[in-house]
Amino acid sequence: MITIDKLGFSYGTNQVLKNITTTFEEGRIYGLLGENGVGKTTLLTLLCGLKAPKEGTILTDGEKPFDRTPSLLEKQYYLPDDVSPLGWKAKDFAKMNGVFRENYDHERFLAIMDEFETNPEQKMNQMSSGQLKKTYISFALASGCKYLFMDEPTNGLDIPSKTQFRGAVMKHTSEDTTIIISTHQVRDLENLIDPIIILDKQDVLLNATIEEITRKLYFDYGNELNPESLFSEQLPGGFLQVRPNREGLESKVNVEALFNTVHKHKEYIRGLFAK
Amino acid sequence: MKNNTFSISRFGKYFVHDLKTQVKNIGMLWLVCVLMPVIFYATYMLFGNIFSPSGHLYFIKDIVAGPKGIDGPILGVRFAVFVVTTMVLTMVFPSRAYGDITKKSEGSAWLMLPASRLEKYLSMMVICLAVVPLTFIAGHLLCDWLVCLADPTCGKAMAAFNINSAIGQPDAPQFVANGFWLLYAMIIEYALTFLLGALIFKKWKVIFTIIALFVLSNILTPILAACISGMDWNEIGRKIENWFVDHADRLDFYFNACINVGLAFWIAVCGTWSWFRLKNRQH
């Protein structure tokens, strides 16, 4: 489990994260959402130990990530948005890096590459950006790491690859794997991420499971506007509205609408989910 | 419970990974530097045989017919080539091998490799200060020996050169390891300096390191000049002379000690600085 307590980070005088307290439980796929510049990538790099917190603490299974101990590094893999086109064949890259991880499964790597329709014999510096991203994703999923941190993993992927990505994540991760995905492409990951974390400037606006969200908010695809709606968007033939779920109705979360609702009613949502 | 500071098996895995990576990064540069005696000899003989001693251009048929009697490059020339090649290699290879650590993407991947900071640092030092210089020296001297074997007009091979016999005076200080240590110490100092530059500067690593050394020497020279300007040089000269007379039987020991203390000091400064650059690296 990852525990964050009163975390603060700044670039010089520019405070990015302030007094953040939250936890990441095992076996969940967290979606880390937020506007540009709120510190999603910064939070991910802090979580995996690439940066040292300026204030507060982060503990992953009781260890500070910035200590970068081999025992913790073995358990985690960070997939940055911008990946390096190395001069290795994809399969050689995976083998070379896989030796450091006890649970790395090369057959699984080849299987995921096959699902992504990417040639493992190809040199990485001769791949397109999408193929390169898929190679790194394949390695991340085959690494058997307990914690996977992914920064915009679907950037650069074509439409079929986005579907394959969701399938691969569901198929090739174990029950105790915690995945934290930072993304702007919420629609790409709508059926994958649970819980959802929405970051605001220097704060966590929401950290809730889909079940909690649907228990407290109702996503209404109706023809009439409800006076209680917190957010509404006109769709062909009706409206998409988000309103408090007083009647205990069941609905399907629309992450984009949720994001807009949270941003429009920050204090209300905080209060609603604090209960 | 795993040892998070140093484990032989993990270090072994990491060292092999590092070696493979460096073969990709600097393999070609290393190969060209090792083969430089052959490349230089071929170029020297080609251009030497294009022109006649009177400056006229030979015809192709004359060149094909065989050498026109010029001798191969002598030891001094080949030694100069060796020094220049060594300088270029030691200035360039550290930044090509480890310069990417300062880049966000490559540096992040390197930091996230499951090995301890100590293991990564040790591997870097072993490769920069032992593997690359020693294999380069061995390979270069071997190529030079092969050139001398193929063309005896080149004279003695560099490997057979003996600095102590070259000095030729029986009472002159004897250099350790027949001068090899001097050469190796120089390579280590250069490699470590340029490795530190590669870890400090984000781009133009070699140029900025040279500029930094130039600036440093320009700062230190006036300070040193100010310190010694008020000294009585006649008195100091006399003291030095007396010291030499008093220690004449152990001059070689003091001479080699000076070299080794200087080397140890430089390794300590650059090595410690490099360690902290790696330890506190953030992306």
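Our subject is the structure listed above.
Residues numbered from 1 in each chain as written. Chains lettered and ligands numbered in written order. Predicted model: local features only at pLDDT ≥ 70, side-chain atom pairs only at ≥ 80, totals over all residues.

**Q** Just give me the short version of the overall build of chain B, but keep the residues and values in it.
**A** From N to C terminus, chain B includes eleven helices and zero strands. Ordered by position in the sequence, the α and β elements of chain B form the string α-α-α-α-α-α-α-α-α-α-α. At 24 Å, chain B has a C-alpha radius of gyration far larger than the 19 Å of a compact globule built from 283 residues. Its C-alpha atoms put chain B at 70 × 60 × 35 Å along the principal axes. A buried classification covers 24% of the 283 residues belonging to chain B. Of the contacts made within chain B by residues no fewer than 6 positions apart, 75% connect residues no fewer than 24 positions apart. (Helix = DSSP H or I, 4+ residues; strand = E, 2+ residues; numbered from the N terminus. Rg over C-alpha atoms; globule rule 2.2 N^0.38 Å. Buried ≥ 20, exposed ≤ 12 C-beta atoms within 10 Å, placed from the backbone. Contact = placed C-beta atoms within 7 Å.)

**Q** So what about the overall build of chain A? Which residues, and what values?
**A** A count of helices and strands for chain A gives nine helices and twelve strands. For a compact globule of 275 residues, the expected C-alpha radius of gyration is about 19 Å, and chain A comes in at 20 Å, within 12% of that figure. Taken over the C-alpha atoms alone, chain A extends approximately 60 × 45 × 35 Å along its principal axes. Within chain A, the proportion of its 275 residues that are buried is 42%. The contacts of chain A with a sequence gap of at least 6 include a subset with a gap of at least 24, amounting to 67%.

**Q** Give a detailed account of the interface of chain A and chain B, specifying residues and quantitative values.
**A** Every contact between the two is made by 21 residues of chain A and, on the other side, 20 residues of chain B. For the side of chain A that touches chain B, the element with the most residues is helix 2 (residues 70–73) of chain A, which contributes three residues.

**Q** Tell me about the nonpolar core, residues and numbers included.
**A** Counting residues in hydrophobic clusters, the biggest one holds 78 residues, and the most contacted among them are Ala140, Phe149, Ile180, Ile196, Ile197 and Ile198 of chain A. With seven residues, helix 5 (residues 129–142) of chain A is the largest single contributor of residues to this core. Setting aside residues up to four positions removed in sequence, Ala140 of chain A forms contacts with Tyr77, Leu79, Leu148 and Met150 of chain A. Judged by nonpolar contacts, the second largest core, of 36 residues, contains Val81, Ile127, Cys154 and Met158 of chain B. (Core = buried A, V, L, I, M, F, W, Y, C linked by C-beta atoms within 7 Å.)

**Q** Any details on the packing of helix 4 (residues 75–98) of chain B against helix 6 (residues 117–150) of chain B? Residues and values, ideally.
**A** All names here are of chain B. Direction vectors running N to C along helix 4 and helix 6 enclose 150°, while the axes themselves pass 11 Å from each other. Relative to helix 6, the element helix 4 lies roughly antiparallel. Of the two possible hands of crossing, helix 4 and helix 6 adopt the one that is right-handed. Across from Arg78, Phe82, Thr85, Leu89, Phe93, Pro94, Ala97 and Tyr98 in helix 4, the residues of helix 6 making contact are Met124, Ile127, Cys128, Val132, Phe136, His140 and Asp144. Among the residues making up the contact of helix 4 with helix 6, the classes are represented as eleven nonpolar, two polar and two charged. (Axes fitted to C-alpha atoms, helices over the stretch in contact; angles between N-to-C directions. Parallel < 35°, antiparallel > 145°, perpendicular 65-115°, else oblique. Left-handed = near helix turned anticlockwise from the far one by under 90°. Nonpolar A, V, L, I, M, F, W, Y, C, P; charged D, E, K, R; others polar.)

**Q** Give me the sheet that holds strand 10 (residues 217–220) of chain A: which residues, what numbers.
**A** Residue and element names in this part refer to chain A. Across the sheet, which stays open at both edges, the three strands sit in the order 10-12-11 with antiparallel pairing between neighbours. The open sheet is flanked by strand 10 and strand 11 (231–235), the only strands paired with a single partner. Strand-to-strand twist of the sheet, defined as the mean angle between neighbouring strand axes without regard to direction, takes the value 10°. Looking at chain direction, strand 11 and strand 12 (residues 238–244) are connected through five bridges and run antiparallel. (Pairing = 2+ DSSP bridges.)

**Q** So what's going on with the environment of Glu224 of chain A? Residues and values would help.
**A** All names here are of chain A. With respect to the element layout, Glu224 can be found in the loop between strand 10 and strand 11. According to the C-beta neighbour criterion, Glu224 is exposed, with 9 such atoms within 10 Å. On a C-alpha basis, the gap between Glu224 and Gly49 in space is 49 Å, while along the polypeptide they are 175 residues apart.

**Q** Kindly report on the pairing of strand 10 of chain A, identifying the contributing residues and their values.
**A** All names here are of chain A. The alternating pattern of strand 10 places Leu217 and Phe219 on one face and Tyr218 and Asp220 on the opposite face, and all of these are buried. Pairing of strand 10 with strand 12 involves four bridges; the strand directions are antiparallel. Paired with Leu217 across the two strands is Pro244, which belongs to strand 12.

**Q** Give me the lowdown on the sheet that holds strand 1 (residues 2–11) of chain A, citing residues and values where you can.
**A** What links the strands of a sheet is backbone hydrogen bonding, and the strands pair in either a parallel or an antiparallel sense. Residue and element names in this part refer to chain A. Here three strands make up an open sheet; going across it, the order is 2-1-4 and the pairing antiparallel. A single partner strand is all that each edge strand has here, and the edge strands are strand 2 (14–24) and strand 4 (55–60). Strand-to-strand twist in this sheet, taken as the mean axis angle between neighbours without regard to direction, amounts to 25°. When strand 1 meets strand 2, the two strands line up antiparallel, connected through seven bridges. By the bridge assignment for strand 2, Phe9 is matched with Leu17. Of the strands in this sheet, strand 1, strand 2 and strand 4 are in contact with helix 1 (residues 40–47), which crosses strand 1 at around 125°.

**Q** Describe helix 4 (residues 106–115) of chain A, and please don't skip the residues or the numbers.
**A** All names here are of chain A. Residues Arg108, Phe109, Ile112 and Met113 constitute the buried set of helix 4. For helix 4, the angular spread of the buried residues around the axis is 140°, confining them to a single face. Helix 4 presents Glu107 and Asp114 as exposed residues on the side facing more than 90 degrees away from its buried surface. Where the residues of helix 4 are buried, they touch helix 3 (90–98), helix 5 and helix 6 (159–172). One or two residues past the end of helix 4 sits Glu117, with phi positive at roughly 55°. (Arc of directions from axis to C-beta.)

**Q** Residue-level account of helix 6 of chain B, with values.
**A** Along its 34 residues, helix 6 of chain B runs 48 Å from first to last C-alpha, staying within 8% of the 50 Å computed at 1.5 Å per residue. Of all the bends in helix 6 of chain B, the largest measures some 40° and sits at Ile127 of chain B. (Expected span 1.5 Å × (residues − 1). Bend = angle between axes of the 7 residues up to and from the residue.)

**Q** For the packing of helix 8 (residues 180–200) of chain B against helix 9 (residues 205–228) of chain B, give the residues involved together with the corresponding values.
**A** Residues and elements named next belong to chain B. Between helix 8 and helix 9, the least distance of the axes is 9 Å, while the angle of their chain directions is 115°. It follows that helix 8 is roughly perpendicular to helix 9 by the angle criterion. Helix 9 is crossed by helix 8, and the crossing has right-handed handedness. Of helix 9, the residues touching helix 8 (which contributes Thr193, Phe194, Gly197 and Ala198) are Lys205, Val206, Phe208, Thr209 and Ala212. Its residues assigned to classes, the contact of helix 8 with helix 9 comprises five nonpolar, three polar and one charged.

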